[in-house]
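# Structural overview for review
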Amino acid sequence: MVRFENVIKRFGDNEVCRELSFTVAPGEFVTLIGPSGSGKTTILRLLMTLERVTSGLIEVGGEPLSHMPRGKGLVPADEKHLRKVRKRIGMVFQQFNLFPNMDVLRNVTEAPVHVLGESRDAAEAHAMALLEMVGLADRAREHPTRLSGGQQQRVAIARALAMRPDVLLLDEVTSALDPELVAGVLALLRKIASTTDITFLCVTHEMGFAREVSDRVMMFDAGRVVEEGTPDVLFTDPGHERTRAFLHAVLDRR
Ligand SMILES: Nc1ncnc2c1ncn2[C@@H]1O[C@H](COP(=O)(O)OP(=O)(O)OP(=O)(O)O)[C@@H](O)[C@H]1O
Ligand SMILES: [Mg+2]
């Protein structure tokens, strides 16, 4: 469902992705771990088309994302191509990023109406079903600022799902939440992961959650995959000293 092939991403002299290659299978839940600055957010932003690759190729669902076919080859994607391919991908951010000037329902229906061209009625029916699923149907007409952080994040998740994404990107989605709100959001994500065939790429410091839901964990450092494996192996018996040191540091902090 997702393929990075020799992706290089530079910001000036800073090479953040170093010939990065990996694939994620349809329906797989992959967690990215690694130290601050190792490029985790950049990988998600490249997929969300918020950043462009310096070189290399990204594919989503077998279609090139960073590039588009022209003649017999590929050329860098233009805006139209990016708009088309990025419909398949949803992202939830640490800071929710809800539209502050719209109520909850409107937050969820805006993109389906304006990007997918759904009728407002159809978009609202779908949005209400999603708000029901995230436990917030009764807050549909509320302004986001009147909701708790955990509730806002559940709206952001409903908003991402409203686009019927094949791939959902999660970037530290519980890091900005008060501790007592974290469990509710993680439970919701667990439910979505187990009841849909959405492919997940998740950056999180919630190692317990990662261990429970991930099919695979990839450890990044300095723009490369240091090692990857099932959570059982990677969290209990990592092969690399770098992973061991990172896990120690993260687990000690808690
Ligand atoms: N828009 C940008 N312009 C310049 N440099 C950037 C930009 N975005 C990221 N970087 C740099 O790229 C590197 C990787 O950043 P990134 O945010 O991907 O790391 P991360 O692994 O998500 O870290 P964290 O765990 O702290 O969120 C950092 O050195 C960062 O300063
Ligand atoms: Mg980050």
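Relevant structure appears above.
Values in this document were obtained by computation on a predicted structure and should not be read as measured data.

Time to look at the packing of aromatic side chains. This model, assessed by the stated rule, comprises 4 aromatic pairs. Seen in terms of ring centroids, phenylalanine 4 and phenylalanine 22 are 4.6 Å apart; in terms of plane orientation they differ by 15°. Their pairing is stacked. Taken as a pair, phenylalanine 4 in strand 1 (residues 2-11) and phenylalanine 22 in strand 2 (residues 14-24) lie far apart in primary sequence, 18 residues in all. With respect to burial, phenylalanine 4 and phenylalanine 22 carry one shared label: buried.

Residues in close proximity to ligand 1 total 13 residues, the closest being Ser36, Gly37, Lys40, Thr41 and Thr42. At 2.6 Å from an oxygen atom of ligand 1 is found a side-chain nitrogen or oxygen belonging to threonine 42. Across the complex, the protein chains shield 60% of the 640 Å² of accessible surface that ligand 1 would expose by itself. Put simply, the parts of the chain that give the shell around ligand 1 at least two residues each are strand 2 and helix 1 (40-47). Class assignment of the residues belonging to the shell around ligand 1 gives a composition of 3 nonpolar, 7 polar and 3 charged.

An order of 8-9-10-3-11-12 is seen for the 6 strands of this open sheet, with the pairing classed as mixed. Among the strands making up the open sheet, the edge pair consists of strand 8 (89-92) and strand 12 (224-229). On average, each strand axis in the sheet is inclined to that of its neighbour by 20°, with strand direction left out of account. The sheet contact formed by strand 8 and strand 9 (residues 167-171) spans 4 bridges and is parallel. Note that in strand 9 the partner of glycine 90 across the bridge is leucine 168.

The rules behind these values
- Residues numbered from 1 in each chain as written.
- Chains lettered and ligands numbered in written order.
- Predicted model: local features only at pLDDT ≥ 70, side-chain atom pairs only at ≥ 80, totals over all residues.
- Heavy atoms only, no water.
- Phe/Tyr/Trp six-rings, centres within 6.5 Å; stacked < 30°, edge-to-face > 60°.
- Helix = DSSP H or I, 4+ residues; strand = E, 2+ residues; numbered from the N terminus.
- Buried < 20%, exposed > 50% of the residue type's maximum accessible area, 1.4 Å probe, protein only.
- Near = heavy atom within 4 Å.
- Polar contact = N/O pair within 3.5 Å; in protein donor to acceptor, adjacent residues only side chain to side chain.
- Areas by Shrake-Rupley, 256 points an atom, 1.4 Å probe, with all protein chains shown as cover.
- Nonpolar A, V, L, I, M, F, W, Y, C, P; charged D, E, K, R; others polar.
- Pairing = 2+ DSSP bridges.
- Axes fitted to C-alpha atoms, helices over the stretch in contact; angles between N-to-C directions.

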